[in-house]
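Listed below are the residues making up each chain.
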Amino acid sequence: MIAAEDCVLVLLAAGRSLRMGDVGSKLDEPFLGRPLGLHVAVALEDMPFMERVAVVGRADCDYAAHGFTIVRNDDPALGMGRSVALGVDCARARGAKAVVVALADMPRVTASHIRTLLDAADGEDAVVASSDGRSPKPPAVFGRARFDTLLTLEGDAGARDMVRAGKHVVTNPAELIDVDTPEELERLRALVNAPEAYTRRRHT
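Residues numbered from 1 in each chain as written. Predicted model: local features only at pLDDT ≥ 70, side-chain atom pairs only at ≥ 80, totals over all residues. Heavy atoms only, no water.

A tally of regular secondary structure across the chain gives 7 helices and 9 strands. Within the chain, buried positions represent 50% of all 204 residues. Partitioning the contacts of the chain with sequence separation of at least 6, the portion at a separation of at least 24 is 70%. (Helix = DSSP H or I, 4+ residues; strand = E, 2+ residues; numbered from the N terminus. Buried < 20%, exposed > 50% of the residue type's maximum accessible area, 1.4 Å probe, protein only. Contact = heavy atoms within 4.5 Å.)

What follows is the structure, encoded as structure tokens:
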């Protein structure tokens with residue numbers, strides 16, 4: 001078990017939204033009354049992390065208002081690996097025992113699940129990822145012995161190989177939905193009976 005107080009939360013929010021069309025950033029799209037990219041920040045705001053770091057790109061989401069230190073990824077074309085490295089560098093500077101890496105385009109993640117991941121982490125070598133029962137994915141916990149490797153990541157593959165070889169904690173697949181396309185966002189709105197889904201239907 002690794003305590004949240006000994007961890008830095010790294011929220012990756014610098015994606016280019018290439019599959020969303022001409023929307024600017026998908027993280028600014030409305031979902032259940034707030035921007036899509038703020039849901040994870042709000043869901044985890046009561047967890048006592050030693051620090052919260054949001055690695056941001058062009059989204060307008062106000063992570064600072066939710067207690068995050070802002071780190072800007074000025075070249076998101078370098079991929080997710082670059083964003084992970086920026087966040088991990090902050091965690092290492094703080095002397096964190098681990099990082100919790102979460103994605104801002106996964107709005108259904110809960111604090112309960114993050115606590116379960118931390119409970120399953122068994123030391124500084126820990127790699128504990130989420131799973132929908134079929135494949136591992138974020139959010140994930142990485143112990144500090146993994147920081148050097150995380151700092152060398154390149155491209156969008158990120159920590160994929162490390163995650164595949166780690167421990168996996170299964171949760172409800174609906175909690176691990178991520179949003180990459182307009183169709184996926186519409187399906188998610190319909191799934192949770194979001195008001196935005198009905199508004200859009202009336203206008204089409």
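In this section: unusual backbone geometry. Among all residues except glycine, the phi angle is most often negative; among peptide bonds, the trans geometry is most common. A cis amide bond links Pro-138 with the next residue in sequence, Pro-139, at an omega value of -5°. Positionally, Pro-139 belongs in strand β8 (residues 136–143). Phi at Leu-32 takes a positive value of approximately 50°, unusual for a residue other than glycine. With respect to the helices and strands, Leu-32 occurs in the loop between β2 (30–31) and β3 (34–35).

With that settled, the discussion passes to helix α3 (residues 111–120). Residues of α3 that are buried include every one of Ala-111, His-113, Ile-114, Leu-117, Leu-118 and Ala-120, and no others. Against the buried residues of α3 lie β1 (7–13), α1 (39–43), β6 (98–103), β7 (127–131), β8 and β9 (167–170).

What follows covers helix α2 (residues 80–94). Over its 15 residues, α2 runs 22 Å from end to end, which matches the ideal 21 Å to within 8%, given 1.5 Å per residue. At its buried positions, α2 is contacted by β1, β4 (51–56), β5 (69–72), β6 and α4 (147–150). (Expected span 1.5 Å × (residues − 1).)

Of all hydrophobic cores here, the largest spans 60 residues; its most connected members are Phe-49, Tyr-63, Val-99, Ile-114, Leu-118, Phe-142 and Leu-150. For this core, the leading source of residues is β1, giving 7 residues. In this view, Leu-118 contacts Met-1, Ile-2, Ala-4, Cys-7, Met-47, Val-100 and Val-141; residues no more than four positions away in its chain are not counted. In this structure, Phe-31, Leu-185, Leu-188 and Val-192 belong to the second largest nonpolar core, which totals 6 residues. (Core = buried A, V, L, I, M, F, W, Y, C linked by side-chain atoms within 4.5 Å.)

Attention shifts here to the confidence of the model for the chain. Per-residue confidence for the chain gives a mean pLDDT of 88, with 89% of residues at or over 70. Across the chain, element-level confidence peaks in α3 with a mean pLDDT of 98 and bottoms out in helix α7 (residues 195–202) with 57. (pLDDT = per-residue confidence, 0-100.)

What follows deals with the sheet that holds β5. One open sheet holds the 7 strands; their spatial order is β5-β4-β1-β6-β8-β7-β9, and the pairing between them is mixed. Each edge of the sheet is formed by a strand with only one pairing partner; in this case those strands are β5 and β9. Taken over all neighbouring pairs, the strand axes of this sheet differ in orientation by 25° on average, direction set aside. As paired strands, β7 and β8 are joined by 5 bridges and run antiparallel to one another. Paired with Ala-129 across the bridge in β8 is Ala-140. (Pairing = 2+ DSSP bridges. Axes fitted to C-alpha atoms, helices over the stretch in contact; angles between N-to-C directions.)

Before going further, it helps to examine the pairing of β8. Relative to β8, β6 runs antiparallel, the two being bridged by 4 bridges. The residue bridging Ala-98 from the neighbouring strand is Gly-143, located in β8. Counting the residues between successive antiparallel strands, the hairpin from β7 to β8 contains 4 residues, one of them, Gly-133, with a positive phi of roughly 95°.

Enumeration according to the criterion identifies 12 salt bridges in this entry. Where Glu-51 meets Arg-94, a salt bridge forms, and the shortest distance between an N and an O atom there is 2.8 Å. One end of the pair, Glu-51, is in strand β4; the other, Arg-94, is in helix α2, and 43 residues separate them in sequence. Assessed through its relative accessible area of 16%, Glu-51 is described here as buried. Classification of Arg-94 by relative accessible area gives partly exposed; the value is 40%. Arg-164 is the salt-bridge partner of Asp-161, the closest N and O atoms lying 3.8 Å from each other. Separated by 3 residues within a single helix, Asp-161 and Arg-164 lie in helix α5 (residues 160–164), roughly one turn from each other. Exposure class is identical for Asp-161 and Arg-164. Each is exposed. Sharing partners across several salt bridges, the network here consists of Lys-26, Asp-105 and Asp-180. (Salt bridge = Lys/Arg side-chain N within 4 Å of Asp/Glu carboxyl O.)

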